[in-house]
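Observations on the three-dimensional arrangement
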Amino acid sequence: MKLFFKHLKNSIKRKPIQPLILILTLALAMVVITACINVGIFINGETDERQVVEYGTADFTVSLNATSKSRFMFSDKAEEILENKAKVVGLYDLPVYFSQTNQTAFGVAVDFYDVEQVFEFEFIEHLPITSSSVNESALVSLDFAEKYNLGLGDSFTVNVLGYDKTYTIKAISKIPFMGSYELMVNVTGVMRLLASDSLLVSSLGDSFKPSNTLYVNVLEDGFVNDCITALKNDADFSDKTFQNVANIMEQDGEIGPMNTIVYVLIALSLMLSVAVVFCCFYIISNERTGENALFKALGATASKMNLLQYAEIGLYWLIGAPIGLALSIPFSKLIYRVVGFRYFTAKFSPLSFVISSALTLVISVFTAFVFIISERRPKKLKKQISLYKYTLPAFLLTFILTITLPVKARFILCCISEILLFITIFTGVPVIFKWITSVIDKILCKRQIKNNGTKVASFGYAVKNVKQVRVLQNSCRLLSVILVVIFTILTAVNSADIVINNYKSWLNADFAIPNSTASCREKIEKLDSVENVYSILMTSGTINDMSIKMLSISDVNALSDTCDLDRTPTGNELFVPLAICDRQNLKIGDIVYIQIGESQYEFKVSKLRKDNINVVIFNSEYFGLEYDTLLADGVENIEKELLRNQLLSAIALEMTTIVDCKELFNRLFVVGSLYINSGWFILPMMILFAVIGMVDNVVISYRARREEFELYSLSGMSKKTVRRMIFFELLLTATFGLVLSLVSSLFAILLLDNGMRTFGYRMLLAFGIA
Amino acid sequence: MIQIQNVTKSYNGEKVLKGIDLTFSDKEFVSIMGASGSGKSTLLSIIGGFLRPDDGNVLWEGQNPFDFTDDALAGKRRSYMGFVFQSFKLISTLTAKDNIMLPVTLSKKINNETLEYFDFLTTELEIKPFLNKYPGQLSGGQCQRVAIARALCYKPSVVILDEPTGALDSVMEVKVMELLKRVNKEQKTTIIQVTHSEKVSCYGDRIIRLKDGLIVK
Ligand SMILES: Nc1ncnc2c1ncn2[C@@H]1O[C@H](COP(=O)(O)OP(=O)(O)OP(=O)(O)O)[C@@H](O)[C@H]1O
Ligand SMILES: [Mg+2]
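Keep in mind the model is a prediction, meaning the values are calculated, not measured.

What counts, and where the lines are drawn
Residues numbered from 1 in each chain as written. Chains lettered and ligands numbered in written order. Predicted model: local features only at pLDDT ≥ 70, side-chain atom pairs only at ≥ 80, totals over all residues. Heavy atoms only, no water. Helix = DSSP H or I, 4+ residues; strand = E, 2+ residues; numbered from the N terminus. Buried < 20%, exposed > 50% of the residue type's maximum accessible area, 1.4 Å probe, protein only. Contact = heavy atoms within 4.5 Å. Areas by Shrake-Rupley, 256 points an atom, 1.4 Å probe, with all protein chains shown as cover. Lys, Arg positive; Asp, Glu negative; His and termini not counted. Charge placed at Lys NZ, Arg CZ, Asp CG, Glu CD. Near = heavy atom within 4 Å. Polar contact = N/O pair within 3.5 Å; in protein donor to acceptor, adjacent residues only side chain to side chain. Nonpolar A, V, L, I, M, F, W, Y, C, P; charged D, E, K, R; others polar. 1 Å grid on protein atoms, 1.4 Å probe; cavity = no way out; pocket = protein on both sides within 12 Å on 5 of 7 lines; lining within 4 Å. Points joined across faces, edges and corners; volume = space filled by probe spheres on them. Core = buried A, V, L, I, M, F, W, Y, C linked by side-chain atoms within 4.5 Å. Domains from an automatic or database assignment. Pairing = 2+ DSSP bridges. Axes fitted to C-alpha atoms, helices over the stretch in contact; angles between N-to-C directions. Patch = residues over 30% accessible without salt bridge, like charges linked within 9 Å, V, L, I, M, F, W, Y side chains within 5 Å. Salt bridge = Lys/Arg side-chain N within 4 Å of Asp/Glu carboxyl O. Donors = N, O, S within 2.8 Å, 3.2 Å for Na, K, Ca; no water. Phe/Tyr/Trp six-rings, centres within 6.5 Å; stacked < 30°, edge-to-face > 60°. Lys NZ or Arg CZ within 6 Å of the ring centre and 35° of its normal.

So, on to the overall build of chain A. Each helix and strand counted, chain A has 22 helices and 21 strands in total. For chain A, the spread of C-alpha atoms along the principal axes amounts to about 105 × 60 × 50 Å. Going through the 770 residues of chain A one by one, you find that 56% of them count as buried. A sequence separation of at least 24 residues applies to 80% of the contacts in chain A between residues at least 6 apart. Only carbon and sulfur atoms are counted for the fraction: they give 59% of the accessible area of chain A, which is about 33,100 Å². Charge-centre separation for chain A: the mean point of 71 positive side chains lies 23 Å from the mean point of 72 negative side chains.

This is the structure:
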């Protein structure tokens, strides 16, 4: 036994570079796997934490919608109806405007004494708030304080609903309130501003506390639905939208798929790590196979040799794993920083380290196992190597099924099919590569005889080598796998990025004013700085239990080119984006029923929109629903802040706010960018890892083939020709790897596109491919 | 003409060659004999320009191969010298045919004449049946014949063979030696071979015996 380990020690000593590279590869794989798992953990944690921050302990929310007659709700009224079985907190959206700097901040007005019944806040520092100062106190986020260079106790003057008001900062919170508001003020103070202008407000006094959204925390479990029913039965709430917090993630149309994309990326990264480690081990094992056979010929038992092989790989893992772990911690911290998680505090779960250690160990042992099997039962290896013979038809079958079956079933099929594709590439590429180079070799040989050998020798021998040398075919396989993974990730992340950008620019206007009364519209239209005013209605409806966003516009120009639209719908026409058509299985001419508020409306699908804006467009006028928001588009080249100033002064008495259109979907962007940042982080990391893996692979294989090149020199090949031959070998490997991976990527991307349709996301639409 | 002047070589302090002086004139057929481990292969490697001696000179037609650049040496080797290694050293990724044609292709000498000669050699050495096999699929003797064909095929001025018949049966042994003799006579090729067999050594014009790193007369 001692002898064998001495042999192992000596073979490592003789060629120390290969094990070193392998250990490095293992360590890097570990870093990548840990990083990916951590991204998953972070995103999950972030989602949970975000829910806590955004909804507190609320079980459901009540908000305004298009059919709501009253523009306000009152939390104490709701609490009364629910007979104190629930705590209700009201939020009143309140953008504030800094006249000096022309900047807008997003604020919220709440009842300071009520709000803590549902929400919990964590302040970095705070001052006491007395009942006399409560209406002049502002709680701000750290971002806000830094942006406007304000500190605890500082005062600032802002324009609120058209009135100037001075607030003093009494507390600074690390994160925005409810996840999106930069400052929080007491609602009574705001209402007092309006008291002089509104008879109603002044007569009601401090008990007038309107809200746009109510957050209801049901005190006893199991009564959520009872509470919703109780509220719906009241005339004041019957026309409002109720949302169960438990279902909220589902309602975030774009966020579900992006979450899935990140998990797909993580899965792909794992596969890539497996491929890189396997391919690097492959070369060493390949070399050892001959030696081991010799040992066996001299009487060493098979089990001893197997043990030796496991011992070798285990040794590399024992050295590589701690290095990988040591590198993983700072690397995971870096991801946390770069991606910009806001609510989740990075906790490095030992689980990720355990999983990555275990995974790399499994990969290592598996590699050793494959080679042991191949030595013992060559036939079995042949079966493994020609696994593609079974996976290729299986892949084609699942591929066809994925693109033909109803979208609901596609995601699972897509995953299975992607794995089959991966195995096919892994086992098939070397074979295809060998086959193609054999053909080239044959052609070259024929030409050579004809041309009397004037052909460049280096290329001819490069072809012959590629045809015969397994490590080169192995490199080709690794390259293909790497490129397929990278192309797929690149497409997915890029598509998500484009979609988010589309959302930022799909409204063809500068500002949105959530008040569409005729008087307000008139005032805006009078402004010289405003070129166009559009009326829109943004609401949500339910179609076969699926919640969808709905939009009605007064003019087709209200939407930019991002939206595939050439006219506004007339009558009960419904313009549906492809992704929703997919999920609901809709065709042009279909009749669909959509629940908006309490009523059901009949629509006729009359256009399938080829854009990525997951909002159906309808004609609200036909159904007697009124527009609820005005869009103001400034004249060309007008400064945005100037426009905002003019709008603010024009509609000061309309009791409304002005929202930058770009910020309208702010919440979506914040969450979306989280996923996209993760994607953009994983991608270069994968590329880096892949490049290192590929270089490792090439270096190891050339070290393993050094003797062979020497033989060429001994046969009279000049160093230059040898170098050129190596160059051609690499060129051939790279070219075929690229071509094969391009073909495979096409399938992989098509598959993912189809799989993502299950979540109502059309990945390729972002690139204009319908 | 190849001259070896006062060549010494030691491995790890152990002297293997202790001052060898030799001259091989053109068209000569020389056999070198000696006990196993006496340094024959080492001497051939030095003559072939693969191994640098510790001391002394090697001259090919008056030029020292160790003064050449790597590429010039490779070029010179292609036209001047054929070498059959004791361990054959066939390239595992090339078929028997490709192995034989490698030096010819490299020196861009493929013409009808060399193709005919290739045909002749492969017939004489009975290689034809396994021309398209890879070295890993050949027997020791088959490999040896391929190695001999590879060394002869491009008609170098000097052919050096390290135990060319070590792996062959007696019938084949005679055939190879007859072939070498013929090449020596017809093409005026200098042949230097190492052998353990007295019978094989007799084909040479001259026998050199090596003992303890020195030449014994
Ligand atoms: N690369 C090397 N490193 C160390 N010692 C070597 C090396 N090559 C040869 N030797 C030693 O040099 C001596 C001569 O070796 P060489 O191969 O020249 O013998 P040989 O006469 O060809 O023997 P054989 O008839 O068995 O082939 C031997 O003792 C051998 O152990
Ligand atoms: Mg020898």
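Now for the site of ligand 1. Residue and element names in this part refer to chain B. Around ligand 1 sit 13 residues in total, of which S36, G37, K40, S41 and T42 are the nearest. Here an oxygen atom of ligand 1 and a side-chain polar atom of S36 are 2.6 Å apart. For ligand 1, the accessible surface in isolation is 630 Å², of which the surrounding protein chains cover 61%. Residues belonging to the shell around ligand 1 are distributed by class as follows: three nonpolar, eight polar and two charged.

Okay, empty space enclosed by the protein next. Enumeration over the complete set of coordinates arrives at nine cavities of 30 Å³ or more. Looking at the largest cavity, it is lined by 14 residues, and the ones nearest its centre are L714 and S715 of chain A together with M81, F83 and Y154 of chain B. Of all the elements, strand 5 (residues 81-84) of chain B adds the most residues to the lining of the largest cavity, at three residues. Tallied by class, residues from the lining of the largest cavity come to eight nonpolar, three polar and three charged.

We now examine the nonpolar core. One broad trend across soluble globular proteins is that nonpolar side chains are buried collectively. Judged by nonpolar contacts, the single largest core of 141 residues is most densely connected at W506, L559, L631 and Y712 of chain A. The residues that make up this core include at least three from each of domain 1 (2-48 + 254-500 + 671-759) and domain 3 (516-655) of chain A. Ignoring any residue separated from it by four or fewer positions in sequence, one finds Y712 of chain A in contact with Y461, N465, M717, V722 and M725 of chain A together with I91, T93, L94 and L102 of chain B. Residues F130, L131, V146 and V176 of chain B belong to the second largest nonpolar core, which totals 38 residues.

Okay, the sheet that holds strand 5 of chain B next. Residues and elements named next belong to chain B. Strands sit in the order 5-6-7-3-8-9 across an open sheet of six strands; the sheet is mixed. The open sheet has two edge strands with one neighbour each: strand 5 and strand 9 (214-216). Neighbour-to-neighbour, the strand axes of the sheet open up by a mean angle of 20°, direction not taken into account. With three bridges joining them, strand 8 (residues 206-211) and strand 9 adopt antiparallel strand pairing. Directly across from L210, in strand 9, lies its bridge partner I215.

The next thing to look at is the domain arrangement of chain A. As far as domains go, chain A holds domain 1 (2-48 + 254-500 + 671-759), domain 2 (70-238) and domain 3 (516-655). The gap between the C-alpha centroids of domain 2 of chain A and domain 3 of chain A is 28 Å.

This brings us to the pairing of strand 6 (residues 158-162) of chain B. Side chains on a regular strand alternate between the two faces of the sheet. All names here are of chain B. Most of strand 6 is tucked away, with five of its five residues classed as buried. Going residue by residue along strand 6, you find V158, I160 and D162 tucked away on one face and V159 and L161 tucked away on the opposite face as well. Relative to strand 6, strand 5 runs parallel, the two sharing four bridges. What sits directly across from F83, in strand 6, is I160. Relative to strand 7 (residues 190-194), strand 6 runs parallel, the two sharing five bridges. Across the sheet, the residue bridging to I160 is I192, located in strand 7.

Here we come to unusual backbone geometry. With a phi close to 50°, M178 of chain A is a non-glycine residue in the positive phi region. Residue M178 of chain A is classed as buried on the basis of its relative accessible area of 5%. Phi angles above zero are rare outside glycine, and E126 of chain B is one such case at about 55°. Inspection of the secondary structure assignment puts E126 of chain B in the loop between helix 4 (112-124) and helix 5 (140-153).

Together, K720, R723 and R724 of chain A together with K108 of chain B give the surface a local cluster of positive charge. Turning to its location among the elements, K108 of chain B is positioned in the loop between helix 3 (96-106) and helix 4.

Moving on, we get to the coordination of the magnesium ion (ligand 2). Residues and elements named next belong to chain B. Distances from the magnesium ion (ligand 2) to its protein donors, S41 (OG) and Q86 (OE1), fall within 2.0 to 2.2 Å. Within this pair, whereas S41 is found in helix 1 (residues 40-47), its partner Q86 is found in the loop between strand 5 and helix 3, the two being separated by 45 residues in sequence. By relative accessible area, which is 26% here, S41 ends up partly exposed. The exposure class of Q86 is partly exposed, given its relative accessible area of 42%.

Right, let's talk about the environment of L272 of chain A for a bit. Residues and elements named next belong to chain A. You can see L272 is positioned in helix 9 (residues 255-297). A residue is classified by how much of its surface remains accessible, and L272, at 0% relative accessible area, is buried. Not counting chain neighbours up to four residues away, the residues in contact with L272 comprise V481, I482, V485, M686, F689 and A690.

Before going further, it helps to examine the pattern of salt bridges. Within the structure shown, the criterion is met by 28 salt bridges over all chains. Here D582 of chain A ties to R757 of chain A by a salt bridge, and the two come within 3.4 Å at their closest N and O atoms. With D582 of chain A in helix 18 (residues 578-584) and R757 of chain A in the segment after helix 22 (719-756), this pair connects stretches of sequence that are 175 residues apart. Close ionic contact of D611 of chain A with R609 of chain A constitutes a salt bridge, the shortest N to O distance being 2.9 Å. One continuous salt-bridge network, built from bridges that share partners, spans D441, K464 and K467 of chain A together with D98 of chain B.

A few words on the packing of aromatic side chains. For the structure shown, the criterion picks out 39 aromatic pairs over all chains. Ring plane angle 10° and centroid distance 5.5 Å describe the contact between Y702 of chain A and F709 of chain A, whose orientation is recorded as stacked. When sorted by exposure, Y702 of chain A lands in the same class as F709 of chain A, which is buried. Among the aromatic residues, those joined into a ring-pair cluster are Y55, F119, F121, F123, F177 and Y215 of chain A. Lying over the aromatic face of F85 of chain B, K89 of chain B brings its terminal NZ or CZ to 5.1 Å of the ring centre.

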